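# Structural overview for review
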Amino acid sequence: MLHRVVRRLPPLSLTVRLVLSHLAVLVVALTAMNVVASIVDGPAGQTSDAGGSDLDRLLAALAARRDGEVDLELLWPALAAGMTAALLLSFVFSRFLLRPLRQVRAATHRLAGGDYDGVLDVPREPGLAALVEDVNRLAAGLADVERRRARLVSEIAHEMRTPITILSGQIEGMADGIFTRDDAMFASLTDDLARLRRLADDLSNLSRTEEGAFALQVTPTDVVALAERTAERLRPQFDDGQVALAVVPRPPVTAVLDPGRVTQILVNLMGNALRACGAGGRVSVTVRTGQAPAPYVEIAVEDDGIGIDEHDLTRIFNRFERVEHPGRPAPAGGSGIGLTIARGIARAHGGDLTATSRGLGHGAAFTVRLPLRQDPPASR
């Protein structure tokens, strides 16, 4: 009955509901004390001045003395009745107010158990509604991560099964004399082993990213020269894809960083830019510096390829995420964790990795920002 009555009232914040419940408890307690005082005191105010209310006589009893003692005959029954009524009503209100919180608690227990499909009904109270919406959003995010994790496990198993099967067949063939043990056969074995090693390295780097445990081997490094060396290392792939690759020239910029790890970031970004461009596309690498809020160096990798939709600009950094475009599926063999690892490396240096795009068909720019300092970052 109480629930149906409250449902007809306009939505109130939790603070207002608590204040009103306290006022209701106070009114009920005083009313109970007044009723009991009238019963104990007798009709027509036999023990008090005429014209005074029962509550006035009760309050007076708190201070009045008969032979130096408080009138306990009137005081204790009234206080006991008021306290009992207050406790009962407080219990009722508490259960009613805390019901949405109990639902949230049950939902968090389900999330801990791996059940991400339960969606809570949003209550009418603004404060509780925001909490329930956050829990629902958390459940949706965890469900999405779980789906992508399951997809990654399946894809990684497939990626590992293929080279293992090939290696097994080639080794058995050489043992049986079917395949010739020549340079071409050993090169094929080496390629399959490198593929397995790359998958193992990706998973290892992802683990370090999640734990924030990258071991950085920092040294003063010319960032411009590092970018140029990485571009030259990948230039044959760009030439094969008929994509122009240019490093914008500028004076040397020295920063304390791990050159191997930063090269890993650039290889990932340039490789992604190459896959985003078709024949005749263009990719540029630019190194620039800034001073606000602290001195920094940026390496921007920009392409004129397929671009990124606005709602995907943040999602692409999620682990196991591979963005697919209509008519152009995600590249085969990608683990979906390259950008996650790259951002983890940048953050281990005290920097960050961000992406911008004007939309599909308008290219994209990935920018890694690193502190421009002469002291090594804290060990991670």
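Residues numbered from 1 in each chain as written. Predicted model: local features only at pLDDT ≥ 70, side-chain atom pairs only at ≥ 80, totals over all residues. Heavy atoms only, no water.

Where helix 8 (residues 259–276) contacts helix 9 (residues 338–348), the two axes come as close as 9 Å, and the packing angle between them is 145°. For the element pair helix 8 and helix 9, the recorded crossing hand is left-handed. On helix 9, the residues that touch Arg261, Gln264, Ile265, Asn268, Leu269 and Asn272 of helix 8 are Gly338, Leu339, Ile341, Ala342, Ile345 and Ala346. Residue composition of the contact of helix 8 with helix 9, by class: 7 nonpolar, 4 polar and 1 charged. (Axes fitted to C-alpha atoms, helices over the stretch in contact; angles between N-to-C directions. Helix = DSSP H or I, 4+ residues; strand = E, 2+ residues; numbered from the N terminus. Left-handed = near helix turned anticlockwise from the far one by under 90°. Contact = heavy atoms within 4.5 Å. Nonpolar A, V, L, I, M, F, W, Y, C, P; charged D, E, K, R; others polar.)

This part covers the packing of aromatic side chains. In this structure the tally under the stated criterion is 1 aromatic pair. Geometry around Tyr296 places Arg369 over its ring, the cationic atom sitting 3.7 Å from the centre. (Phe/Tyr/Trp six-rings, centres within 6.5 Å; stacked < 30°, edge-to-face > 60°. Lys NZ or Arg CZ within 6 Å of the ring centre and 35° of its normal.)

Time to look at the confidence of the model for the protein chain. Any segment with low pLDDT has predicted coordinates that should not be analysed in fine detail. For the protein chain, per-residue confidence averages 76 on the pLDDT scale, and residues scoring 70 or more make up 69% of the total. Across residues 65–70, where pLDDT falls below 50, the model places 6 contacts with residues more than four positions away in sequence or in other chains. Overall, residues 329–333 carries pLDDT values under 50, and its contacts beyond four positions in sequence, including any with other chains, amount to 8 contacts. (pLDDT = per-residue confidence, 0-100.)

This part is about the pattern of salt bridges. Two side chains bearing opposite charge may form a pair once their charged atoms approach each other closely. For the structure on display, the rule yields 5 salt bridges. Linking Arg369 and Glu298 is a salt bridge whose minimum nitrogen-to-oxygen distance equals 2.6 Å. Taken together, the positions of Arg369 in strand 9 (residues 364–371) and Glu298 in strand 7 (residues 296–303) put the pair 71 residues apart, joining distant regions of the chain. The salt bridge involving Arg347 is made with Asp352; its shortest N-O contact spans 3.1 Å. Accessibility expressed as a relative area gives 43% for Arg347, which makes it partly exposed. Look at Asp352 and you get partly exposed, because its relative accessible area is 28%. Residues joined by salt bridges that share partners form a network here, namely Arg288, Glu298 and Arg369. (Salt bridge = Lys/Arg side-chain N within 4 Å of Asp/Glu carboxyl O. Buried < 20%, exposed > 50% of the residue type's maximum accessible area, 1.4 Å probe, protein only.)

Located in the positive-phi region is Gln242, a residue other than glycine, with phi close to 55°. Mapped onto the fold, Gln242 is located in the loop between helix 7 (223–240) and strand 4 (244–247). You can call Gln242 exposed: its relative accessible area is 55%.

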